[in-house]
Amino acid sequence: MEEASALRLISSRIRDIPDFPKPGILFKDITPILADPTAFRAALDLLATVAEPLRPTQVVAIESRGFIFGAPLAAQLGVGFAPVRKPGKLPYRSAREEYTLEYGSGVLEMHEDAVSGQRVLIVDDLLATGGTAAATARLCQRLGAQVAGFTFVIELGFLAGRDALDPNTPVRSLLTF
Ligand code: AMP
């Protein structure tokens, strides 16, 4: 599919939910993308197209909607996958990092041997304030990885999340609102 039609299709499959999970937040629901196999395929193909030139050796994705795009993207790129999770979910020794997000704050964890020596691509469904992605990058760097780039399906441009990320690391979003 042509890139412009793919982006139109993906965009048409994003559902805006006002005041979720808190008043004032316009939640971008990506489940209609997942429900449409052509749109889901198109999103993965476009993510792979922007990811390939960054030459990642591993995909790192953030619980839980990041997993939905990150795991099939890793398989498509032919590289490994490492999950970043909320506290207490990972079974092996883990490192933790605090973060803030558009509607709260929290802690992320990753297995301490998950990314050592890798060039990681950090993947999530959406870039809002950038707190989650920045914390993931710090966690990866602490664990001995180099960050090859960040990819998102959606970027909320008005929140300037990319300003929270290292200016020397490429940030690629399929759609910006
Ligand atoms: P942030 O750390 O502020 O960039 O927030 C990014 C994380 O929060 C991602 O994992 C998103 O899935 C989620 N998120 C934040 N804001 C929204 C929103 N308006 N719609 C959907 N997901 C959001």
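See above for the structure.
Residues numbered from 1 in each chain as written. Predicted model: local features only at pLDDT ≥ 70, side-chain atom pairs only at ≥ 80, totals over all residues. Heavy atoms only, no water.

A. Spotlight on the environment of Gly130. Turning to its location among the elements, Gly130 is positioned in the loop between β7 (119-127) and α5 (131-142). Note on Gly130: relative accessible area 5%, which makes it buried. Residues Gly130 and Val120, 10 residues apart in the sequence, show an inter-C-alpha distance of 17 Å. In contact with Gly130, other than residues within four places in its own chain, are Gly161, Ala164 and Leu165. (Helix = DSSP H or I, 4+ residues; strand = E, 2+ residues; numbered from the N terminus. Buried < 20%, exposed > 50% of the residue type's maximum accessible area, 1.4 Å probe, protein only. Contact = heavy atoms within 4.5 Å.)

B. Seen up close, the nonpolar core. By size, the foremost hydrophobic cluster in this structure holds 31 residues, and its most contacted members are Ile10, Ile33, Phe69, Leu77, Leu121 and Val153. Per-element tally for this core: the top contributor is helix α3 (residues 37-51), with eight residues. Beyond its immediate sequence surroundings of up to four residues, Phe69 is in contact with Ile30, Leu34, Phe40, Ala43, Leu44, Leu47, Val123, Asp125 and Val153. Residues Leu108, Val120, Ala137 and Phe150 belong to the second largest nonpolar core, which totals 26 residues. (Core = buried A, V, L, I, M, F, W, Y, C linked by side-chain atoms within 4.5 Å.)

C. Spatial organisation of the packing of aromatic side chains. Applying the stated criterion across every chain, the model contains four aromatic pairs. Consider the rings of Phe40 and Phe69, whose centres lie 5.9 Å apart with planes at 80°: the pair is edge-to-face. In this pair, Phe40 is assigned in helix α3 and Phe69 in helix α4 (residues 65-77), connecting sequence segments 29 residues apart. With centroids separated by 6.4 Å and ring planes inclined at 5°, the aromatic side chains of Phe150 and Phe152 adopt a geometry described as stacked. Accessibility assignment for this pair places Phe150 and Phe152 in one class, buried. In this structure, Lys28 is placed above the aromatic ring of Phe177, and the distance from its NZ or CZ to the ring centre is 4.0 Å. (Phe/Tyr/Trp six-rings, centres within 6.5 Å; stacked < 30°, edge-to-face > 60°. Lys NZ or Arg CZ within 6 Å of the ring centre and 35° of its normal.)

D. Expanded view of the environment of Leu90. Considering the arrangement of structural elements, one finds Leu90 in the loop between β4 (80-84) and β5 (94-101). Separated by 21 residues in sequence, Leu90 and His111 place their C-alpha atoms 7.0 Å apart. In this structure, Leu90 is in contact with Pro83, Arg85, Glu109, Met110 and His111, ignoring residues within four places of it in sequence.

E. Local environment of the sheet that holds β4. Taken in spatial order, the five strands make up an open sheet running β4-β3-β7-β8-β9, and their pairing is parallel. Unpaired on one side and paired on the other, β4 and β9 (171-176) mark the two borders of the sheet. Taken over all neighbouring pairs, the strand axes of this sheet differ in orientation by 20° on average, direction set aside. Bridge count between β7 and strand β8 (residues 146-155): eight bridges; the pairing is parallel. Among the inter-strand pairings, Leu126 is bridged to a residue of β8, identified as Ile154. (Pairing = 2+ DSSP bridges. Axes fitted to C-alpha atoms, helices over the stretch in contact; angles between N-to-C directions.)

F. View of the side chain of Asp125. Turning to its location among the elements, Asp125 is positioned in strand β7. In this structure Asp125 comes out as buried when scored by relative accessible area, which is 5%. Within the structure, the side chain of Asp125 is placed 2.8 Å from the side chain of Arg65, a separation counted as a polar contact. In this view, Asp125 contacts Ile30, Arg65, Gly66, Phe69, Phe152, Val153 and Ile154; residues no more than four positions away in its chain are not counted. (Polar contact = N/O pair within 3.5 Å; in protein donor to acceptor, adjacent residues only side chain to side chain.)

G. Broad picture of the pattern of salt bridges. A complete count under the given rule lists 11 salt bridges for this structure. A salt bridge links Lys28 to Asp16, with the shortest nitrogen-to-oxygen separation between them at 2.8 Å. Residue Lys28 is found in strand β2 (residues 26-29), and its partner Asp16 is found in strand β1 (residues 15-18); the two are separated by 12 residues along the sequence. When the shortest N-O distance is used, the salt bridge between Arg138 and Glu97 registers 2.7 Å. Taken together, the positions of Arg138 in helix α5 and Glu97 in strand β5 put the pair 41 residues apart, joining distant regions of the chain. The exposure class of Arg138 is partly exposed, given its relative accessible area of 36%. Three or more residues are tied together by salt bridges with common partners; here these are Glu97, Arg138 and Arg142. (Salt bridge = Lys/Arg side-chain N within 4 Å of Asp/Glu carboxyl O.)

Everything listed here is a matter of geometry and, on its own, says nothing about what the molecule does.
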